[in-house]
Amino acid sequence: MRDLKHKARKVDAPTRWLRVRVWLMGAVFFAGLLAVFTRAVALQVHQNDRLREMARDQYIREVEIAARRGDIVDRVGAPLAQSVDVDSIWADPTELPDVKVSAKQLAKALNLDPKELRERFEKAKRFVWVKRQAKPEEVAKVKALALNGIGFSKEPRRFYPQRELAGHVVGIVGKEGKGLDGLELAFEEELSGQAGRREGFRDAKGRKLVTQRLDDDAPREGATLTLTLDNRIQYMAEKALARAVADAKATAGMAVVLDPKSGELLALANYPRLNPNTPNEAHAEAFRNRSVSDAFEPGSTFKAFVVAGALEEKAITESTLFDCEKGAWRVGRHTINDTHPQGILTPGKILQVSSNIGAAKIGQKLGREKLVDYYARFGFGDRPGLGLPGEAKGVVPFPKADISLATESFGQGLTASAVQIAAAYGALANDGVLMRPYLVSKVVDSDGVVVLENRPTELRRVVSARTAKSVVSMLEAVVEKEGTAPRARMDQYRVAGKTGTAQKVDPLVRGYSDKRIASFIGMVPAENPRAVVLVVIDEPKTDVYGGLVAAPAFKEIASAAMPYWGVVPSRPMAAAASGVESPKPLEPAKPSGPNPVLAAIASLDGVTENGISEGAVRVPDLSGKSARKAVTQLLATTLEPHLLGTGRVKSQQPRAGALVDKGTRVTLELAGQLH
Amino acid sequence: MSAALLDARKSGFSLSVILLELLPAAILCGLFVTVGIVHVTSRVLVVRVGYDLSRLDNENRLLVREQEQLKLEVATLKAPGRLEKLAQEKLGLVAPAPNALWPVPTR
């Protein structure tokens, strides 16, 4: 037993040492594990966010994708403004082989100043734009140089495919893609859309690997603006205006074409023209959208409103006689003159010969309050509300003095914009009802949801239908031989219009100068006006009268627009050809007797339906069809479908049966909108 | 045959009983291996689809860009001013005189 105890004691010593070693090793391992654990806590808990970001930066690539700016299109979908991605050229100066030589080579290829480019390279650290939104041929030249440190990135650039057409209305966009003028500025929020982000891994070979759904944070394309303008009418108006300004050696001009029944502006032309593709090359004067933002003294075109107001108030009748004082009439210490001395005239004759004295006397009969009230009712002194920047509202001061009452009666001493005048004449053409003029018919976002829609809006009845018809009838005499604007007369269509020749105020002399604003406004066809056309020529030099310098441009626009819309002529062909005037009842003209043209068409039966020119197609009737069927049918007819909403086709634009060019966009409104 | 199995035989256990005892573990191992293979395969497929998606997305963007450029080109070519110029210069056409066009009512 004692031996056993002894033996046990003998074994105990190394066992203890073993235990100590085990403990020691355990402690070492524990300490190691503790250190690892502490480090893990530090990395995973305390430095988690920082390290996560570092990791993301290293292997995750997040790319911001710029939203495509929405298009601006005319009423039939012809694009006026479009965005396309183009190459921008940048450089990393530290990578460039030789800054001086590279700058020289690049400047030569891109038509830049080599010294300025070199300075930019020297100032920058790792990134500098060489040329943003470069032309494809410039990009090709730079690529051919094969320089190290030169990169290319895509940036959206705004293009205006119709060049100057409606340039002032559409506006301009800066290099950063922000609207600076016109509709581009006014609808910046709707057009700009929303940029998207896309993230993904990039592997060792530089290949991208998508790690999220592609539509998670996709960019939202900007909304499409559909205007009421018709690019063909706009083109005709701009062409006629440019010709009129050149013929008259004038400084500027404006033309407005308006649908009096709806208030839609079909053309808004200005001269000098502006090409929004190259705004840097334009003179400062060319940027003004004169027809919207310029308020000017309109002159005699206002006489029609005075006559309308006086007739409506029964202050005068159509046969009331006024003494036009043989061309000179004293009002206080001022004398009012007529260009051509006149005797006793009826209101109709006063409008026909544009007598200032006659208009002033009608104004007197109407009275100060009523005169101002009627001008206000016709929309003067109020902004038309087109949404364009810098819209003028004009000023109609209360005529306290007798001379003010007289001058305001023939459109001097007050101001109005071209759009206001056109809209007011629209009220006369629309049986006395003033429609709100508008330019943007629809704003539709990328999902097809209609964000904004303007429809024809009746503002107020200004005068009775009878009064309006009576004034329009009087205005028809203006374009006859004895009137002030025989040059506006059309053989096929009856025209009702009024000339205006206003003196311009010279701010330096604080009085009227010898400069003039000549204008003509007409409605055609007079029996059922489809369009009101206003032409204003600023500071004409050859002649100063509206009937001489503006009326021909009116005729040119109306002569092109009427057949374009297929408006049936007011007069039979024989009468039109011989220049004989047909009777003037204010009823739509009905063809009487066999029309030679109709007979010719009838003899070619079937030709009208099938004789469509090669580039034109007829829009199919899609009402009630499913979206899929409608799209298939449109594509088969070589038309471009544009769907709004879901479900079945509720309405379509252009209408079924209309003749349009191949590739025209047909907008289909489907029952029920997308949400 | 290992000594342990021999010992087990000597003590009265047959080989089949032993294998039966090991079967659950083997199945479990097999299951783990299968799940592992499926998981890895699916990951590989996901990555491959990711690459395909990136490539197609890129291709789609290039095609959309090309389509936009073509639309712009069409719009530029169809601009009324250009068409009129071409009609006059290349085809010798002139704008019709005011009375030359006579619209007729649609029947």
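The structure reproduced in this document is the subject of the present report. Source: prediction; values computed, not measured. (Residues numbered from 1 in each chain as written. Chains lettered and ligands numbered in written order. Predicted model: local features only at pLDDT ≥ 70, side-chain atom pairs only at ≥ 80, totals over all residues. Heavy atoms only, no water.)

## Re the overall build of chain B
Scanning chain B for helices and strands turns up 3 helices and 0 strands. For chain B, the N- to C-terminal ordering of α and β elements is α-α-α. Out of the 107 residues belonging to chain B, those deemed buried represent 14%. Of the accessible surface of chain B, which amounts to about 8300 Å², a share of 69% is contributed by carbon and sulfur atoms. (Helix = DSSP H or I, 4+ residues; strand = E, 2+ residues; numbered from the N terminus. Buried < 20%, exposed > 50% of the residue type's maximum accessible area, 1.4 Å probe, protein only. Areas by Shrake-Rupley, 256 points an atom, 1.4 Å probe, with all protein chains shown as cover.)

## A few points about the packing of helix H13 (residues 356-366) of chain A against helix H15 (residues 402-409) of chain A
Residue and element names in this part refer to chain A. Axis separation between H13 and H15 bottoms out at 7 Å; the angle between their running directions is 115°. Where H13 crosses over H15, the handedness of that crossing is right-handed. On H15, the residues that touch Ala359, Ala360, Gly363 and Gln364 of H13 are Leu405, Ala406 and Ser409. Taken together, the residues of the contact of H13 with H15 sort by class into 4 nonpolar, 3 polar and no charged. (Axes fitted to C-alpha atoms, helices over the stretch in contact; angles between N-to-C directions. Left-handed = near helix turned anticlockwise from the far one by under 90°. Contact = heavy atoms within 4.5 Å. Nonpolar A, V, L, I, M, F, W, Y, C, P; charged D, E, K, R; others polar.)

## Here we look at the environment of A:Met562
The residue A:Met562 is located in helix H19 (residues 551-565) in this model. On the accessibility criterion, A:Met562 (0% relative accessible area) is buried. Each C-alpha atom, one on A:Met562 and one on A:Val524, is 8.2 Å from the other, the two residues being 38 residues apart in sequence. Residues within four places of A:Met562 in sequence aside, it is in contact with A:Met490, A:Tyr493, A:Val524, A:Pro525, A:Arg530, A:Ala531, A:Val567 and B:Pro103.

## Quick word on the side chain of A:Ser570
Structurally, the position occupied by A:Ser570 is in the loop between H19 and helix H20 (573-578). Only 3.0 Å separates the side chain of A:Ser570 from the backbone nitrogen of A:Arg494, close enough to count as a polar contact. (Polar contact = N/O pair within 3.5 Å; in protein donor to acceptor, adjacent residues only side chain to side chain.)

## Considering helix H3 (residues 99-110) of chain A
Residue and element names in this part refer to chain A. Compared with an ideal rise of 1.5 Å per residue, which puts 12 residues at 16 Å, H3 spans 16 Å between its outermost C-alpha atoms and is within 8% of the ideal. Looking only at H3, the buried set comprises Ser102, Ala103, Leu106, Ala107, Ala109 and Leu110. The buried residues of H3 occupy an angular sector of 165° when projected down its axis, which confines them to one face. Turned more than 90 degrees away from the buried face of H3, the exposed residues are Lys100, Lys104 and Lys108. Of the surrounding elements, those touching the buried residues of H3 are strand S3 (79-91), helix H4 (114-123), strand S4 (128-131), helix H5 (136-145) and strand S5 (150-159). At the N-terminal end of H3, a side-chain oxygen is found 3.0 Å from the backbone nitrogen of lysine 100, two or three residues along, and the residue is aspartate 98. (Expected span 1.5 Å × (residues − 1). Arc of directions from axis to C-beta.)

## Some details on the sheet that holds strand S20 (residues 511-524) of chain A
Residue and element names in this part refer to chain A. The 5 strands are arranged S10-S9-S21-S20-S19 in an open sheet whose pairing can be described as antiparallel. Edge positions in the open sheet fall to strand S10 (265-271) and strand S19 (496-506), since each of these has one partner strand only. Averaged over all neighbouring strand pairs, the angle between strand axes comes to 10°, with direction disregarded. Where S20 meets strand S21 (residues 531-538), 8 bridges bridge the pair, whose relative direction is antiparallel. Looking at the pairing, alanine 518 lines up with isoleucine 537 of S21. This element, helix H17 (residues 465-476), spans S19 and S20 of the sheet and lies at about 80° to S19. (Pairing = 2+ DSSP bridges.)

## Considering the environment of A:Gly263
Residues and elements named next belong to chain A. Topologically, glycine 263 is positioned in the loop between strand S9 (252-258) and S10. Residue class for glycine 263 comes out buried when judged on its relative accessible area of 2%. Glycine 263 sits 35 residues away from threonine 228 along the chain, and the two C-alpha atoms are 9.5 Å apart. With residues up to four places along the chain from it excluded, the contact list for glycine 263 reads Leu258, Met435, Arg436, Pro437 and Tyr438.

## Examining the pattern of salt bridges
All names here are of chain A. Summed over all chains, the structure comprises 42 salt bridges over all chains. A salt bridge links lysine 442 to glutamate 453; its shortest N-O distance comes to 4.0 Å. With lysine 442 in strand S16 (residues 440-444) and glutamate 453 in strand S17 (residues 450-453), this pair connects stretches of sequence that are 11 residues apart. Overall, lysine 442 belongs to the buried group, its relative accessible area being 16%. (Salt bridge = Lys/Arg side-chain N within 4 Å of Asp/Glu carboxyl O.)

## Concerning the nonpolar core
Residues and elements named next belong to chain A. Core analysis: the biggest nonpolar cluster contains 118 residues, and Leu183, Phe378, Phe380, Tyr425, Leu428 and Ile537 have the highest contact counts within it. In this structure, this core is formed jointly by two domains, domain 2 (63-182 + 205-222) and domain 3 (231-274 + 294-577), each of which donates at least three residues. For leucine 428, the residues in contact, after removing those within four places along its chain, are Ala304, Phe305, Ala308, Phe378, Ala468, Val471, Val472 and Met523. Formed by 17 residues, the second largest nonpolar core is a distinct cluster that contains Ala103, Ala109, Leu117 and Val142. (Core = buried A, V, L, I, M, F, W, Y, C linked by side-chain atoms within 4.5 Å. Domains from an automatic or database assignment.)

## Quick word on unusual backbone geometry
Residues and elements named next belong to chain A. In this structure, proline 525 follows valine 524 across a cis peptide bond, with omega equal to -15°. Within the secondary structure layout, proline 525 lies in the loop between S20 and S21. Here lysine 249, not a glycine, exhibits a phi torsion of approximately 50°, which is positive.

## Brief notes about empty space enclosed by the protein
Residue and element names in this part refer to chain A. All chains considered together, the criterion is met by 1 cavity of 30 Å³ or more. Lining the largest cavity we find Glu164, Ala166, Gly167, His168, Val169, Gln234, Glu238, Leu268, Asn270, Arg273 and Leu274. Those elements giving two or more residues to the lining of the largest cavity turn out to be helix H6 (167-170), helix H9 (231-248) and S10. The element that contributes the greatest number of residues to the lining of the largest cavity is H6, accounting for 3 residues. Considering only residue class, the lining of the largest cavity consists of 4 nonpolar, 4 polar and 3 charged. Lining the lining of the largest cavity are residues from two domains, each supplying at least three of them: domain 2 (63-182 + 205-222) and domain 3 (231-274 + 294-577). (1 Å grid on protein atoms, 1.4 Å probe; cavity = no way out; pocket = protein on both sides within 12 Å on 5 of 7 lines; lining within 4 Å. Points joined across faces, edges and corners; volume = space filled by probe spheres on them.)

## Here we look at the sheet that holds strand S23 (residues 640-644) of chain A
All names here are of chain A. Spatially, 3 strands are ordered S23-S26-S24 in an open sheet, and the strand pairing comes out mixed. Every interior strand has two partners, whereas the edge strands, S23 and strand S24 (649-653), have only one. In this sheet, neighbouring strand axes are inclined to one another by 25° on average, regardless of whether the strands run parallel or antiparallel. Pairing of S23 with strand S26 (residues 665-670) involves 5 bridges; the strand directions are parallel. Its bridge partner being in S26, histidine 642 is matched across the sheet by threonine 667. Lying over the sheet, helix H23 (residues 627-636) contacts S23, S24 and S26, oriented at roughly 155° with respect to S23.

## A closer look at the interface of chain B and chain A
Between chain B and chain A, the residue contacts involve 28 residues of the former and 43 residues of the latter. Surface buried jointly by chain B and chain A totals about 3200 Å² across both partners, of which 60% is contributed by carbon and sulfur atoms. Our count for the contact surface shared by chain B and chain A stands at 4 salt bridges. Here B:Arg65 ties to A:Asp85 by a salt bridge, and the two come within 3.2 Å at their closest N and O atoms. In this assembly, chain B and chain A are joined by 5 residue pairs in polar contact (both at pLDDT 80 or more). Residue assignment for the side of chain B that touches chain A shows that the elements contributing at least two residues are helix H2 (15-77) and helix H3 (80-89) of chain B. When residues of the side of chain B that touches chain A are assigned to their parent elements, the largest contribution, 15 residues, is made by H2(B). Tallied by class, residues from the side of chain B that touches chain A come to 13 nonpolar, 7 polar and 8 charged. (Buried area = accessible area lost by both parts, 1.4 Å probe.)

The quantities given are spatial measurements derived from coordinates; they are silent on function.
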